[in-house]
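A closer look at the structure
These are the residues of each chain, in order.
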Amino acid sequence: MVTGVGITDTIKSLNDLRGRCNLRQADDERFFSEWVDNLPELDEREQAGIARIKQRYDYHRGDGLLLEGTINLLVVSPLLELAGFLDTPFRIRSPYGVGLEFDDPEEIILANPFFD
C-alpha cells in the first residue's frame, strides 16, 4: 500500500532536497551562457566580492528558506555597493506607503505620509 506524505513534511531545506534527490550545484560557467556572454570584464576586487557574496548566500540558503530581508542583506546590498550604485549620481528611494481601506470607503489610513 502506497501512502502519501506532503513534500513539506519530508523535505524541509535545500540540503534535504540535495540529499534525497542526489542533486549538486552546477558550477560550469557555460551553464547559462546568455548570462555571461558579451559582458564587461570584472577586475580582481569585483570577482572576489562576487565570490564572497555567492559563498555567503550558499551557506545561509542551505539550511532553509531565506526571506526578502535576508536576501537584501546578504546579496542585494553588497551587489549595489560593489557596483557603485550607492554613490553619486544614484539615489535610493523607499517604495510608496500602503493605504488601508475599511468598510467606510471614505476613510483611508496612510502608513506613509508621502502616499498619495
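1. Here we look at unusual backbone geometry
Cis rather than trans, the peptide bond between Thr88 and Pro89 has omega equal to 10°. Looking at the secondary structure, you find Pro89 in the loop between helix 4 (68–83) and strand 1 (99–101). One non-glycine residue, Asn22, lies in positive phi territory at about 55°. Along the chain, Asn22 turns up in the loop between helix 2 (14–21) and helix 3 (44–61). Take Asn22: its relative accessible area is 69%, and that puts it in the exposed class.

2. Quick word on the layout of surface pockets
Volume-wise, the largest pocket comes out at about 1,200 Å³. Surrounding the largest pocket, 23 residues form its lining, Glu29, Trp35, Val36, Ile50 and Lys54 being those nearest its centre. Looking at the lining of the largest pocket, the elements with two or more residues in it are helix 3 and helix 4. Tallied by class, residues from the lining of the largest pocket come to 14 nonpolar, two polar and seven charged.

3. Some details on the packing of helix 3 against helix 4
It is at 10 Å that the axes of helix 3 and helix 4 come closest, and there the two elements cross at 175°. As the angle between them shows, helix 3 and helix 4 are arranged roughly antiparallel. Here Arg45, Glu46, Gly49, Ile50, Ile53, Arg56, Tyr57 and His60 of helix 3 lie close against helix 4, whose contacting residues are Ile71, Leu74, Val75, Pro78, Leu79 and Leu82. Looking at the contact of helix 3 with helix 4 residue by residue, the classes come out as nine nonpolar, two polar and three charged.

4. With respect to a nonpolar patch on the surface
Taken together, the side chains of Phe31, Phe32, Trp35, Val36 and Leu39 make up a nonpolar region of the molecular surface, amounting to roughly 560 Å² of accessible area. Along the chain, Leu39 falls in the loop between helix 2 and helix 3.

5. Thoughts on the packing of aromatic side chains
In total, this model carries two aromatic pairs according to the counting rule given. Between the aromatic rings of Phe31 and Phe32, the centroid separation amounts to 4.9 Å while the plane-to-plane angle is 85°, which identifies the pairing as edge-to-face. Here Phe31 falls in the exposed class, since its relative accessible area comes to 53%. Here Phe32 falls in the partly exposed class, since its relative accessible area comes to 37%. Between the aromatic rings of Phe85 and Phe90, the centroid separation amounts to 4.8 Å while the plane-to-plane angle is 90°, which identifies the pairing as edge-to-face. The exposure class assigned to Phe85 is partly exposed, which follows from its relative accessible area of 40%.

6. Focus on the pattern of salt bridges
Summed over the entire model, instances satisfying the criterion amount to one salt bridge. The salt bridge partner of Lys54 is Asp58, with a shortest N-O separation of 2.7 Å. Taken as a pair, Lys54 and Asp58 lie in helix 3 at a separation of four residues, close to a single helical turn. Overall, Lys54 belongs to the partly exposed group, its relative accessible area being 39%.

Here is what the cut-offs are and how they apply
Residues numbered from 1 in each chain as written. Predicted model: local features only at pLDDT ≥ 70, side-chain atom pairs only at ≥ 80, totals over all residues. Heavy atoms only, no water. Helix = DSSP H or I, 4+ residues; strand = E, 2+ residues; numbered from the N terminus. Buried < 20%, exposed > 50% of the residue type's maximum accessible area, 1.4 Å probe, protein only. 1 Å grid on protein atoms, 1.4 Å probe; cavity = no way out; pocket = protein on both sides within 12 Å on 5 of 7 lines; lining within 4 Å. Points joined across faces, edges and corners; volume = space filled by probe spheres on them. Nonpolar A, V, L, I, M, F, W, Y, C, P; charged D, E, K, R; others polar. Axes fitted to C-alpha atoms, helices over the stretch in contact; angles between N-to-C directions. Parallel < 35°, antiparallel > 145°, perpendicular 65-115°, else oblique. Contact = heavy atoms within 4.5 Å. Patch = residues over 30% accessible without salt bridge, like charges linked within 9 Å, V, L, I, M, F, W, Y side chains within 5 Å. Areas by Shrake-Rupley, 256 points an atom, 1.4 Å probe, with all protein chains shown as cover. Salt bridge = Lys/Arg side-chain N within 4 Å of Asp/Glu carboxyl O. Phe/Tyr/Trp six-rings, centres within 6.5 Å; stacked < 30°, edge-to-face > 60°.

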